[in-house]
Amino acid sequence: MSIAALRRSARATVAGFPGGFWWLWLSTLVNRTGAFVLTFLSLYLTQELGYSAWFAGLVVALHGLGGVAGSPLGGMLTDRWGRRPTMVAMHLTAAGFAGLLAFVTSTWGIALVVLGMGVAMQAVRPAINAAIADLVPASEVRRAYALNYWALNLGFAIAAIGGGAASVLGYRTLFLVDATATVLCALIVFFRLQETRPEAVSGPATATGAAGKAAVVPKVGIVTVLRDAPFRTLVTLNLLVCLVFTAPWIGLPLTMAGEGLEPSAYGVVIAVNGVVIVAFQLLVNRITDKRSPVMLLTVSSLLFALGTGATTLAGSSVAFAATVVVWTIGEMVHVPTNAAATARLAPEHARGRYQGVMGMSWSVAGFVAPIGAGLIVDGPGPDILWIACALIGAVAAVGYQTRLRSVLADVEDGHPGTAKEETPAPKGVVAEPATTVDATAVDATA
């Protein structure tokens, strides 16, 4: 492919989005560029404060546990408060916890601060995902999520490199820089991003109708979301994929150590994940654009299964790196496609709650998979872990093909969201008639 063709492809990949999306994209990049806490937390706890590796692992797990609560909380606030105030509030809260971590040294203090940080950091994600779905035409939502995911990984790569160089200044300085970057992110959202939530009246869930009236629509809570059978299936399958995706972050270094490889070799191998995403996410997005979401989710699950399963055959750094490349491609396909499918299944007035429940599946996997992977490696052995990952990925692929093909069939022809204007109520909810009421007549405090 010529340079001119590459330029045209790049322009086509980023073209057609409103200014609000790019401010949101910039806020993601700024936030992740300063994301030093999680990257260096275990080293800070063990090397600086003298805690055990077991305690460091527990603290990281608490961050994931906080996300389990933060996701549905953020989803609820996104739909009630709005996208913009939720993002600003949660970014500032996360910044406060990052700043506190630079000064708190007690066992319980560190545990509570990291737990709170996990809540705040995960609570902001439903608002971001809902805002993207609000800002971008339905046919371009998957591409928008892919670009935002690319910004996230680009920022993380910069943080890893910059943090390593800046670590001579001390871990506490890095945490304060993290807090500053998160505050800057909140300021970008506050000053440059308009509220994107569809106009709605509180009380019985409502959406704007004609002539400035508010049409009554079903109220959606977390329980209602969980009763939505197609979406519940999507969440369950995503949980399976997330378990497979999370396992290598614990199992891979242990497996490589068992092969006699140095810790530095693992650092190089896992860096392949970020390098591949930063270098090829836009190309992958271009190739997969307008493809069937069910096909993409199936293929990504199989790539996760193949990449992790092949780890049983690896014995050198090059071979381990090759397995990482395979499941990283699956990651690049899966993450934006799953987010777009979530946005497609969610009613407009409940996008935050749907994204919150989906985010909770990532947090549950982030808490369960590290513990499970460690137990399996210490018990039956690493080969059993990777075989289990391959089987789980294959089960997820079959599930996407057999359980979701008809649900997402209307977006497989390249025209997603054609029914978006009249979003059906989730299953299990009896839709009220689209009665038109005056907005001022509804109690705004409900």
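Residues numbered from 1 in each chain as written. Predicted model: local features only at pLDDT ≥ 70, side-chain atom pairs only at ≥ 80, totals over all residues. Heavy atoms only, no water.

Caption draft 1: The arrangement of the nonpolar core in detail. Among the nonpolar cores identified, the biggest contains 49 residues, and F231, L234, L252 and Y400 are the most heavily contacted of them. Elements with a contribution of two residues or more to this core: α10 (229-246), α11 (248-258), α12 (263-288), α13 (293-309), α14 (317-345), α15 (351-378) and α16 (382-403). Top contributing element to this core by residue count: α14, with nine residues. For F231, the residues in contact, after removing those within four places along its chain, are V225, T342, L345, Y354, V357 and M358. One finds V88, A131, A144 and A339 within the second-largest nonpolar core, a separate group that totals 28 residues. (Core = buried A, V, L, I, M, F, W, Y, C linked by side-chain atoms within 4.5 Å. Buried < 20%, exposed > 50% of the residue type's maximum accessible area, 1.4 Å probe, protein only. Helix = DSSP H or I, 4+ residues; strand = E, 2+ residues; numbered from the N terminus. Contact = heavy atoms within 4.5 Å.)

Caption draft 2: Broad picture of the pattern of salt bridges. Within this structure, the stated rule accounts for seven salt bridges. Between D79 and R83 there is a salt bridge; the shortest N-O distance is 3.4 Å. D79 sits in the buried class, given a relative accessible area of 7%. Here R83 falls in the buried class, since its relative accessible area comes to 1%. Between R143 and E140 there is a salt bridge whose closest N-O contact spans 2.8 Å. No difference in accessibility class separates R143 from E140, as the two residues are buried. The network of salt bridges with shared partners includes D79, R83, D134, R351 and R353. (Salt bridge = Lys/Arg side-chain N within 4 Å of Asp/Glu carboxyl O.)

Caption draft 3: Here's a closer look at unusual backbone geometry. The phi torsion at K290 lies on the positive side, around 70°, for a residue other than glycine. The exposure class assigned to K290 is partly exposed, which follows from its relative accessible area of 39%.

Caption draft 4: Local environment of the confidence of the model for the chain. Scored by pLDDT, the chain comes out at a mean of 83, with 83% of its residues at no less than 70. Between the elements of the chain, mean pLDDT differs from a low of 30, seen in strand β3 (residues 436-437), to a high of 97, seen in α13. Long-range and interchain partners of residues 200-214, a stretch whose pLDDT sits below 50, account for 45 contacts in this model, where long-range means more than four residues apart. This model gives residues 411-446 a pLDDT under 50, and the stretch forms 65 contacts once residues within four places in sequence are excluded. (pLDDT = per-residue confidence, 0-100.)

Caption draft 5: Representation of the packing of helix α6 (residues 107-135) against α15. It is at 8 Å that the axes of α6 and α15 come closest, and there the two elements cross at 130°. Looking at the two axes, α6 sits oblique to α15. The two elements α6 and α15 cross, and the hand of that crossing is right-handed. Every residue of α15 that contacts α6 at Q122, P126, N129, A130, A133 and D134 is listed here: R351, G352, Q355, G356, G359 and S363. Of the residues in the contact of α6 with α15, the class split is three nonpolar, seven polar and two charged. (Axes fitted to C-alpha atoms, helices over the stretch in contact; angles between N-to-C directions. Parallel < 35°, antiparallel > 145°, perpendicular 65-115°, else oblique. Left-handed = near helix turned anticlockwise from the far one by under 90°. Nonpolar A, V, L, I, M, F, W, Y, C, P; charged D, E, K, R; others polar.)

Caption draft 6: Representation of a nonpolar patch on the surface. Side chains of L92, V183, L184, L187, F190 and F191 sit close together on the surface and give an oily, nonpolar patch of about 550 Å² of accessible area. Looking at the nonpolar patch, the element that brings in the most residues is helix α8 (residues 171-192), giving five residues. You can call L187 partly exposed: its relative accessible area is 40%. (Patch = residues over 30% accessible without salt bridge, like charges linked within 9 Å, V, L, I, M, F, W, Y side chains within 5 Å. Areas by Shrake-Rupley, 256 points an atom, 1.4 Å probe, with all protein chains shown as cover.)

Caption draft 7: Fine view of the environment of W249. By the element assignment, W249 lies in helix α11. Between the alpha carbons of W249 and P370 there is a distance of 7.6 Å; along the sequence they are 121 residues apart. If near-sequence neighbours (up to four positions away) are discounted, W249 is found in contact with Y266, I270, N273 and W327.

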